[in-house]
Amino acid sequence: MALLQITEPGKAVDPQLRKRAAGIDLGTTNSLIASVCAGVAKTLPDQNGDYMLPSAVRYLADTLIVGAEAQQSAAEDPLNTILSVKRMMGRGIDDLSRFGNRLPYEFVPSDAGMPRIRTVSGDWSPVNVSAEILKTLVARATETLSGDLDGVVITVPAYFDDAQRQATRDAARLAGVEVLRLLNEPTAAAIAYGLDSGEEGVIAVYDLGGGTFDISLLRLQKGVLEVLATGGNSALGGDDFDQVLAEWLIDASGYTKQLSHAQLRAVLMQARSIKEQLSSNSEVDIDIIERKFSYQGSITRDTFNQLIEPLVEESIKACRRAVRDAGLALTDISNLVLVGGSTRVPCVVSEVEAFFGISALDGIDPDRVVAIGAAIQANILVGNRADDEMLLLDVLPLSLGLETVGGLAEKVIPRNTAIPAAKTQEFTTYAEGQTAMLIHVVQGERELVEDCRSLARFELTGIPPMTAGAARIEVLFQVDADGLLSVSARELSTGTNASVLVKPSYGLSDNEITGMLKASFDYAAEDAAQRSLTEARVEAGRVIEALSNALDADGEALLKANDIKLLRDAIQTLERLISGTDYKAINEGTERLGMASEDFAGLRMDLAIRRALAGRRIGEVDQDFEQDSNKSRYR
């Protein structure tokens, strides 16, 4: 479904007036894309009218499937169907153990340290999988908006670290889309609610999705939307609710054998369905039979609430820390916004509202609110709202620093610092005559480097040999609006310097990304030819069908038998061309058939006019014509 650009009568459409931009909510369970159309931000549906794209990719031997069809195959083909890939972004194999021992995938290591998922078509990284989801969303927007996008804003959890943000950017690069900005999901939700231009005050945005949790506190004051503090857990979400419920089902069944991948995926999907049913029912009957695993019984909402209580309490603890970090009292918070599908769980709503002591706003679907906010921001960044006066000040979710002697983490930019940001700090040498220094960049809140995330290492050489502590090494940290980091170091007496654009572990290497992008260029001509062939076949089929129907309806009344035979033979000739692979020949055949049928088309038009005028007087026809002309003047 394409959208038309409408202008005032008599005014031409200015192609430079509006650029095409979109906001993407790349979610754990579902993903959405939205755009501002006629001044209103709306999520864009697919051809079936569905707005949410299940974040599922199924790999087959020679192709892949994205979305609902892939999700439906998850239980029968668990090793080749990837769900909840967002939770794996920017993580190593050891990190994935945080999600429990029961993961229905076969992981293999890679040289870059990022895990790959083994499938029938090869080993794929989480970045590859996310790129396929992004491609599907971008294709939807391109079709709906009738043109390529000039840029997108992609939302990420506020608590995503540098590695996870870089992995998201890598996925966008593979999808061939320009990222205007990575926007924190809670901030996008605040923008969607119009809090950037509404009543002044402090807003709490509680975002609990399928795989991640964020809490952000924002202050609106005189047109400035400032993020005061953010917190959360990038390994806490609705998937964890499913996991504890699945564990309960396994224990209740008495099944003691090791579950197969197919059994585990089936139980997890049943757990998700039960969770959703409990949002509107106080008790749900259960009847599971899956490859020798079976359970029949029921579960109440109270039992489910007890199972997830520790997880909900973890989110409340993060809220408490964020309020403390912002230097606020709970009574200072005037609005509460709930975001993410997991906030549909009644227990979550009641606990969060009880903690903040206010009722949550509910004007926008929590599943769509993030994509809508991202679309509004994208519309601003491409210049479609040049007169917009909103100033958005986001913050760094985790502290950035360096390793110092003894394995200590020295924080250079503390968390909740407004971004973009830049800060310098001086360090010195440890040993006599030291001429080089290894700069180890880390991210996290712990005091020891081993408890923080390692982001990058680089070496500063050429330091003049001096006594220990005499050298002055200035290290500059720069964080852009997306929360991505670059670090440089300079020895002040000589000007010797070194720098690194932080490329965290578990992202794709530059060679990997270059190779994948090169492959897309190498096959560009082949892909273009395939597109041309498909378009030629579709147009030829349309002409054949139209002419065949016309011959069946009016051929014998208007044409001689020999003329009908000539047109039928021409149709068969074009049908033979369609079965081939020469799109130029198909186009030429379509054009020849169109020319051969021109006289027949003219005869049919004359026949239609005669039928319309049969039995009517000239005055009646003139009167009808005049009435139609008058109506058209006022349309």
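Up top you'll find the structure we're talking about.
About the cut-offs
Each residue is numbered by its place in its chain's sequence as written, counting from 1. Confidence filtering applies because this is a predicted model: local features only for residues at pLDDT of at least 70, side-chain atom pairs given and counted only at 80 or more, and all residues used for totals across whole chains, interfaces and linings. Derived side-chain values reflect all non-hydrogen atoms in the structure, with water molecules and hydrogen atoms excluded from consideration. Between any two strands, at least two bridges found by DSSP are needed for them to pair. Starting at the N terminus, helices and strands are each numbered in turn, a helix being any DSSP run of H or I of at least four residues and a strand any DSSP run of E of at least two. The axes used here are C-alpha line fits, helices contributing only the stretch in contact, and every angle between their N-to-C directions lies in the interval 0 to 180 degrees. Under this scheme an angle from 65 to 115 degrees is roughly perpendicular, one under 35 degrees roughly parallel, and one over 145 degrees roughly antiparallel; angles in between are oblique. It only takes one pair of heavy atoms within 4.5 Å for two residues to be counted as in contact. In this classification, the charged set is Asp, Glu, Lys and Arg, the nonpolar set is Ala, Val, Leu, Ile, Met, Phe, Trp, Tyr, Cys and Pro, and all remaining amino acids, among them Gly, are polar. How far a helix is expected to stretch is found by multiplying one less than its residue total by 1.5 Å. Relative accessible area decides the class of each residue, using a 1.4 Å probe on protein chains only: under 20% of the type maximum gives buried, over 50% gives exposed, and in between gives partly exposed. In this analysis, the protein atoms alone were mapped onto a 1 Å grid. Cavities are point sets where a 1.4 Å probe fits without being able to get out; pockets are open sets with protein on both sides within 12 Å along at least five of seven lines; lining residues have an atom within 4 Å of a point. Grid points are joined across faces, edges and corners, and a volume is the space filled by probe spheres set on the points. Only buried residues count toward a nonpolar core. Its members are Ala, Val, Leu, Ile, Met, Phe, Trp, Tyr and Cys residues joined through side-chain atoms within 4.5 Å. This arc corresponds to the set of directions leading from the helix axis out to the C-beta atoms. Put simply, a salt bridge is a Lys or Arg side-chain nitrogen that is within 4 Å of an Asp or Glu carboxyl oxygen. Each Phe, Tyr or Trp ring (for Trp, its six-membered ring) is paired with any other whose centre lies within 6.5 Å, and the angle between the two planes then decides the class: stacked below 30 degrees, edge-to-face above 60, tilted in between.

Asks: Residue-level account of the sheet that holds strand β25 (residues 453-461), with values.
Replies: Taken together, 4 strands build an open sheet; the order of strands is β21-β20-β24-β25 and the sheet is antiparallel. The two strands at the open ends of the sheet, each matched to only one other strand, are β21 (408-413) and β25. Taken pair by pair, the neighbouring strands of this sheet meet at an average axis angle of 30 degrees, ignoring direction. By the bridge criterion, 3 bridges tie strand β20 (residues 400-404) to strand β24 (residues 436-443) in an arrangement that is antiparallel. Across the sheet, residue G401 finds its bridge partner in β24, namely V442.

Asks: Describe the packing of helix α6 (residues 238-253) against helix α7 (residues 261-278), with residues and values.
Replies: Helix packing geometry: the angle between the two helix axes and the distance between the axes. Two numbers describe how α6 lies on α7: the axes approach to 8 Å, and their chain directions differ by 110 degrees. Relative to α7, the element α6 lies roughly perpendicular. Of α7, the residues touching α6 (which contributes G238, D239, F241, D242, Q243, L245, A246, L249 and I250) are V267, L268, A271, R272, I274 and K275. Within the contact of α6 with α7, the residues separate by chemical class into 9 nonpolar, 2 polar and 4 charged.

Asks: Now, about helix α10 (residues 369-381): what can you tell me, with residues and values included?
Replies: Its 13 residues place the ends of α10 19 Å apart at the C-alpha level, agreeing with the 18 Å of an ideal helix rising 1.5 Å per residue. Taking burial as the measure, the 13 residues of α10 include 11 buried ones, the bulk of the element. Once α10 ends, the next one or two residues include G383, with phi positive near 95 degrees.

Asks: Help me get a handle on the layout of surface pockets, residues and values and all.
Replies: Empty space among the atoms becomes visible once a probe the size of a water molecule is rolled across them. Space inside the second largest pocket adds up to approximately 680 Å³. Residue lining of the second largest pocket: 34 residues in total, with T29, N30, G341, S342 and D367 positioned closest to the centre. Of the residues in the lining of the second largest pocket, the class split is 8 nonpolar, 15 polar and 11 charged.

Asks: For the nonpolar core, give the residues involved together with the corresponding values.
Replies: In this structure, Y206, F241 and F356 are the most contacted members of the largest nonpolar core, which totals 50 residues. The leading source of residues in this core is helix α8 (residues 301-325), at 9 residues. In this structure, Y206 is in contact with F213, D214, I215, S315, C319, L336, V337, L338, V339, T343, V348 and V352, ignoring residues within four places of it in sequence. Counting 43 residues, the second largest nonpolar core, distinct from the first, contains L44, L53, A131 and F160.

Asks: I'd like to hear about helix α9 (residues 346-356), residue by residue, with values.
Replies: Regarding α9, the residues found buried are C347, V348, V352, F355 and F356. Taken around the axis of α9, the buried residues stretch over an arc of 145 degrees, which confines them to a single face. Tucked into the core, α9 has its buried residues touching β13 (201-208), β14 (213-221), α6, α8 and β18 (333-339). Positioned one or two residues after α9, G357 has a phi angle of 75 degrees, which is positive.

Asks: An account of the sheet that holds strand β6 (residues 64-66) is requested, with residue identities and associated values reported.
Replies: Here 3 strands make up an open sheet; going across it, the order is β6-β5-β7 and the pairing antiparallel. Whereas interior strands pair on both sides, the edge strands pair on one side only; in this sheet they are β6 and β7 (81-83). The average undirected angle you get between the axes of adjacent strands in this sheet is 15 degrees. Looking at chain direction, strand β5 (residues 56-59) and β7 are connected through 3 bridges and run antiparallel. Bridge pairing in β7 links A56 to L83. Against the sheet, helix α3 (residues 126-144) touches β5, β6 and β7, its axis set at about 110 degrees to β5.

Asks: Break down unusual backbone geometry for me, with residues and values.
Replies: Even without being a glycine, S84 presents a positive backbone phi close to 55 degrees. Classification of S84 by relative accessible area gives buried; the value is 12%. The phi torsion at S146 lies on the positive side, around 60 degrees, for a residue other than glycine. Relative to the elements of secondary structure, S146 occurs in the loop between α3 and β11 (151-156). A relative accessible area of 41% places S146 in the partly exposed class.

Asks: Tell me what's going on with the pattern of salt bridges, and back it up with residues and numbers.
Replies: One pass over the full model with this rule turns up 18 salt bridges. Taking the shortest distance from any N to any O, the salt bridge between R472 and E426 comes out at 2.9 Å. Of this pair, R472 sits in the loop between β25 and β26 (473-479) while E426 sits in strand β23 (residues 421-427), and the two are 46 residues apart along the sequence. Judged by its relative accessible area of 45%, R472 falls in the partly exposed class. A salt bridge links E474 to R490; its shortest N-O distance comes to 3.3 Å. Here E474 is found in strand β26, whereas its partner R490 is found in strand β27 (residues 485-491), with 16 residues between them in sequence. Among the residues examined, E474 registers a relative accessible area of 23% and is labelled partly exposed. Its relative accessible area of 36% is what places R490 among the partly exposed residues. In this structure, a network of salt bridges that share partners links the residues D239, D242, R272 and K275.

Asks: How would you explain the packing of aromatic side chains if you had to name every residue and give the values?
Replies: Taken as a whole and judged by the stated rule, the model has 6 aromatic pairs. Ring geometry for Y59 and W124: centres 5.3 Å apart, planes at 10 degrees, overall stacked. A residue pair is termed long-range when its members are at least 10 positions apart, and Y59 in strand β5 and W124 in strand β10 (residues 122-124) qualify at 65 residues. We classify W124 as partly exposed; its relative accessible area is 27%. A ring pair is formed by F355 and F356, whose centres lie 4.9 Å apart and whose planes are at 85 degrees; its orientation type is edge-to-face.

Such coordinate-based values are descriptive only and should not be taken to indicate function.
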